[in-house]
Amino acid sequence: MTRATLLENGLVIDGTGAAGYAGDVLLVGDRIAAVGAGLWGQLPEGLAQADVKRVDCTGMAITPGFVDVHTHDDAIVLNHPEMLPKVSQGITTVVTGNCGISLAPFVVQKPEPPLNLLGADSFRFDSVDAYERAVVAAQPAVNVAVLIGHTTLRFACMDDLERAATPEEVAAMCALLEKCMEGGAAGMSSGLFYEPAFAAPADEVVALARVVSRFGGVYSTHLRDEMATIVEALHEAGDTAFSAGVPLIVSHHKCAGPANWGRTKQTLPLIEALAARQPVAMDVYPYVAGSTVLREDLVDGVIDILVSWSTPHPEMTGRTLASIAQEWGVDQKAACRRLQPGGACYFQMHEDDVKRVIAHPLTMIGSDGLPHDQHPHPRLWGAFPRVLARYWREQKLFSLETAIYKMTGMSARNFRLHQRGQLQPGWHADVVVLDPARVRDVATYEDPIALSEGIEKVFVNGELAYVAGTADAANAKVQARAGRLLKRGAA
């Protein structure tokens, strides 16, 4: 008997940005069978009422499943496939391999920074095909789309990353990337901000992006600089994508550091100008703090820095760098060196800049959560409900329909996820039922592992993946794991 669920009497927000309306959504198998009003009385031929589970959604919104376009979930979907931090937010698809860092195609026992953001023992896949087999075996609760990291390609093909790649090394990276694109990768990411990629000139990245272009993929970049020279970095990214003929995604757009606060008044018009000549989008997380590895160059003695993990001093996890430095009787840079390798949350953005970016018509939502951190940034558990609670309901930066569009239809379109991101008959049944009046993030910097509220039900490929009902993240359960690896262009 075919599995069928009728979500009735909700506010249907279809993921296109169009106004919501009172109606129903019928799920049959792994697809959306119908969207409209009064569907109980007009079921498709061959589907008996006795075979349909009815769910009353009065007072609720019915939306497409959220697409987290910026994640570092490459390994966690294998090691903890229930993916509770994501499905509990309404996320049904994650895009992995961001910031130039992907598990495939590279095999190593002890990954160096920044690869270690994906875990210490995860690099076991020499191809996308090998990674896909692992995803199929793990059967995660969310769908997975894969970007290939430029930094990972450098590690795989070069013996010295503090220089530009030779023509032979570029050719080797291109050949490896071509195999990954043939395996269904969605595109390539770069993280020119990080030391293992900083020495790469633009023409090295252009050569790789041209491979992506041939396969109809996308190019996502963590800019070379998000501080003093951000304008130059944006020009480099735009020119790289334009030269290669590939769509550009600017990752977690921000103007970082107190000296750069307010510069989104410059960067956003520049991004608009780039978008006038080429396909451009950007993503953002809804917080004033970022999170990455502990880096001495980010320690300025001005911004607050919260340690999220430290290998030599795990006891300092969850404390500020300033308090640790004071206890040790050293300056913050010295404390940073002593804590490495490690990770941290850097309170380096201004709320006004975050608001400008998040409200911009070209902006999608991504969590950029780091699931391997001992004391993670709260965005890992709360990014998407925070957008709805803080920036839609409280601050009214945009309509509910626009907020959902930034999480669903826009994201699926920009990353070319076939038949996802909208409530359309025949499309994949990734669906969220949420309470617009209650939805909110609960995770904080002090207590970052906490379930959000108001996400009532989440369906992934037609299977009920998550049901609200407990406020305890440690005891919450994922109902079903029906996620798939989403190959580029595949139905």
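Just above, that's the structure.
Quantities reported herein were computed from a predicted structural model and do not represent experimental measurements.

**Q** I'd like a rundown of the overall build of the chain, residues and numbers included.
**A** Scanning the chain from terminus to terminus reveals 15 helices and 21 strands. The C-alpha atoms of the chain give 22 Å as radius of gyration, which agrees with the globular expectation for 491 residues (23 Å, within 12%). Projected onto the principal axes, the alpha-carbon positions of the chain cover approximately 70 × 50 × 45 Å. Expressed as a percentage of the 491 residues in the chain, the buried residues total 62%. In the chain, the share of contacts with a sequence separation of at least 24, taken over all contacts with a separation of at least 6, comes to 73%. Roughly 17,600 Å² of accessible area belongs to the chain as shown, and the carbon and sulfur atoms make up 51% of that amount. Once the 42 positive and 56 negative side-chain charges of the chain are each reduced to a mean point, those two points are 2 Å apart.

**Q** Can you lay out the layout of surface pockets for me, pointing to particular residues and giving the numbers?
**A** A volume near 410 Å³ is recorded for the largest pocket. The wall of the largest pocket is formed by 18 residues, among which Pro-113, Pro-114, Glu-195, Pro-196 and Arg-295 lie closest to the centre. Taken as a whole, the second largest pocket encloses approximately 310 Å³ of empty space. Every residue lining the second largest pocket is counted, 17 residues in all, and those nearest its centre are Ile-76, His-80, Glu-82, Pro-85 and Trp-381. Secondary structure elements with two or more residues in the lining of the second largest pocket: α2 (84–87) and α13 (379–394). In terms of residues, the lining of the second largest pocket owes the most to one element, α2, which gives three residues. When its residues are assigned to classes, the lining of the second largest pocket shows 11 nonpolar, two polar and four charged.

**Q** Give me the lowdown on empty space enclosed by the protein, citing residues and values where you can.
**A** Evaluated as defined, the whole model comprises four cavities of 30 Å³ or more. With three residues, the top contributor of residues to the lining of the largest cavity is strand β15 (residues 290–293). Class assignment for the residues of the lining of the largest cavity results in 10 nonpolar, seven polar and four charged. Volume-wise, the second largest cavity comes out at about 60 Å³. At three residues, helix α12 (residues 351–359) tops the list of elements feeding residues into the lining of the second largest cavity. Residue classes in the lining of the second largest cavity are distributed as six nonpolar, two polar and two charged.

**Q** Please set out the packing of aromatic side chains residue by residue, giving values where relevant.
**A** Overall, the coordinates contain seven aromatic pairs when judged by the stated rule. Both rings, one in Phe-347 and one in Tyr-445, keep their centres 4.7 Å apart while their planes meet at 55 degrees; by these two values the pair is tilted. With a gap of 98 residues between them, Phe-347 in the loop between β17 (342–346) and α12 and Tyr-445 in the loop between β19 (431–434) and β20 (455–460) connect regions that are remote in the sequence. With a relative accessible area of 18%, Tyr-445 lands in the buried category. Site record: aromatic cluster; members linked through ring pairs are Phe-106, Phe-123 and Phe-155. Taking NZ or CZ as reference, Arg-379 lies 4.4 Å from the ring centre of Tyr-285, over its face.

**Q** Give a detailed account of α12, specifying residues and quantitative values.
**A** In an α-helix, one turn spans 3.6 residues; hence positions three or four apart end up facing the same way. For α12, every residue scored as buried is listed here: Glu-351, Asp-353, Val-354, Val-357 and Ile-358. One face of α12 carries all of its buried residues, which in axial projection span an arc of 155 degrees. Those residues of α12 that are buried are in contact with α9 (264–275), β14 (280–284), β18 (363–365), α13 and α14 (400–407).

**Q** So, the sheet that holds strand β7 (residues 91–96): which residues are in play, and what are the values?
**A** Pairing is parallel across the open sheet formed by eight strands, whose spatial order is β6-β7-β10-β11-β12-β13-β14-β18. Edge positions in the sheet fall to β6 (66–68) and β18, since each of these pairs with one other strand and no more. Shown here is a sheet whose adjacent strand axes are inclined to one another by a mean of 30 degrees, direction ignored. Two strands pair when backbone bridges link them, and strand β10 (residues 143–149) and strand β11 (residues 187–191) are joined in this way by three bridges, in the parallel orientation. Within β11, the position partnered with Leu-147 by the bridge is Gly-187. Against the sheet, α14 contacts β6 and β18, and its axis sits at roughly 75 degrees relative to β18.

**Q** Tell me what's going on with the environment of Val-67, and back it up with residues and numbers.
**A** Structurally, Val-67 can be placed in strand β6. For the pair Val-67 and Arg-438, spaced 371 residues apart in the sequence, the C-alpha separation amounts to 21 Å. In this view, Val-67 contacts Thr-93, Val-95, Ile-365, Phe-384, Met-407, Thr-408, Ser-411 and Leu-417; residues no more than four positions away in its chain are not counted.

**Q** Explain the pairing of strand β21 (residues 463–467) residue by residue, including any values.
**A** Note that β20 and β21 share four bridges and pair antiparallel. Bridge assignment links Val-460 to a residue of β21, and that residue is Glu-463. From the end of β20 to the start of β21, which pair antiparallel, there are two residues, and Asn-461 there has a positive phi angle of about 50 degrees.

**Q** So what about helix α7 (residues 202–214)? Which residues, and what values?
**A** A rise of 1.5 Å per residue sets the reference length of α7, with its 13 residues, at 18 Å; its end C-alpha atoms lie 19 Å apart and thus fit the reference within 8%. Residues Glu-204, Val-205, Val-206, Leu-208, Ala-209, Val-211 and Val-212 constitute the buried set of α7. Taken together, the buried residues of α7 touch α4 (150–157), α5 (167–182), β11, β12 (218–222) and α8 (230–244). Phi turns positive, to about 75 degrees, at Gly-216, one or two residues after α7.

**Q** I'd love a proper account of the side chain of Ser-189, names of residues and values included.
**A** Inspection of the secondary structure puts Ser-189 in strand β11. When its relative accessible area of 0% is taken as the criterion, Ser-189 is described as buried. A distance of 2.5 Å separates a polar atom in the side chain of Ser-189 from the backbone oxygen of Gly-97. Contact partners of Ser-189, with chain neighbours within four places excluded, come to Gly-97, Asn-98, Cys-99, Gly-100, Ile-101, Leu-147, Ile-148, Gly-149, His-150, Tyr-219 and Ser-220.

**Q** Lay out the sheet that holds β17 in plain terms, naming residues and giving numbers.
**A** Sheet architecture is open: three strands sit in the order β15-β17-β16, paired in antiparallel fashion. If you trace the sheet from one side to the other, it starts and ends with β15 and β16 (305–310), each paired once. On average, adjacent strands in this sheet sit at an angle of 20 degrees to one another, irrespective of strand direction.

The rules behind each value
- All residue numbers refer to position in the chain's written sequence, counted from 1.
- Totals for whole chains, interfaces and linings use every residue, but because this is a predicted model, local features are given only for residues with pLDDT of at least 70 and side-chain atom pairs only at 80 or more, for both listing and counting.
- By convention in this description, side-chain values take in all heavy atoms of the structure and omit both hydrogens and water.
- Strands here mean DSSP runs of E at least two residues long; helices mean DSSP runs of H or I at least four residues long; both are numbered from the N terminus.
- Throughout, radius of gyration means the C-alpha value; the globule benchmark is 2.2 Å times the number of residues raised to the power 0.38.
- To sort residues, take the accessible area from a 1.4 Å probe on protein chains only and compare it with the maximum for the residue type: under 20% means buried, over 50% means exposed, and anything in between is partly exposed.
- We call two residues contacting when some pair of their heavy atoms lies within 4.5 Å.
- Per-residue and other accessible areas were derived by the Shrake-Rupley procedure at a 1.4 Å probe size, with only the shown protein chains allowed to occlude residues.
- As used throughout, the charge tally considers Lys and Arg to be positive and Asp and Glu to be negative, leaving His and the chain termini uncounted.
- Every charge is mapped to an atom, namely NZ of Lys, CZ of Arg, CG of Asp or CD of Glu.
- Using a 1 Å grid laid over the protein atoms alone, points where a 1.4 Å probe fits but cannot get out form a cavity; open sets with protein on both sides within 12 Å along at least 5 of 7 lines form a pocket; any residue with an atom within 4 Å of a point counts as lining.
- Grid points are joined across faces, edges and corners, and a volume is the space filled by probe spheres set on the points.
- Residues were grouped as follows: Ala, Val, Leu, Ile, Met, Phe, Trp, Tyr, Cys and Pro as nonpolar; Asp, Glu, Lys and Arg as charged; and all remaining residues, including Gly, as polar.
- Working definition: a ring pair exists when centres of Phe, Tyr or Trp rings (six-membered ring for Trp) sit within 6.5 Å. Plane angles under 30 degrees give stacked, over 60 give edge-to-face, the rest tilted.
- Look at NZ for Lys and CZ for Arg. If either is within 6 Å of the ring centre and within 35 degrees of the ring normal, a charge sits over the ring.
- Regarding the arc, it is the one traced by the directions from the helix axis to the C-beta atoms.
- One requirement defines pairing of two strands: DSSP has to find at least two bridges between them.
- All axes are obtained by fitting lines to C-alpha atoms, using only the stretch in contact for helices, and the reported angles, taken between N-to-C directions, cover 0 to 180 degrees.
- In a helix, the anticipated span is given by 1.5 Å times the number of residues less one.
- Polar contacts, as counted here, are pairs of nitrogen or oxygen atoms within 3.5 Å of one another; within protein the pair requires one atom able to donate a hydrogen and one able to accept it, and residues that are adjacent in sequence qualify only if both atoms are side-chain atoms.

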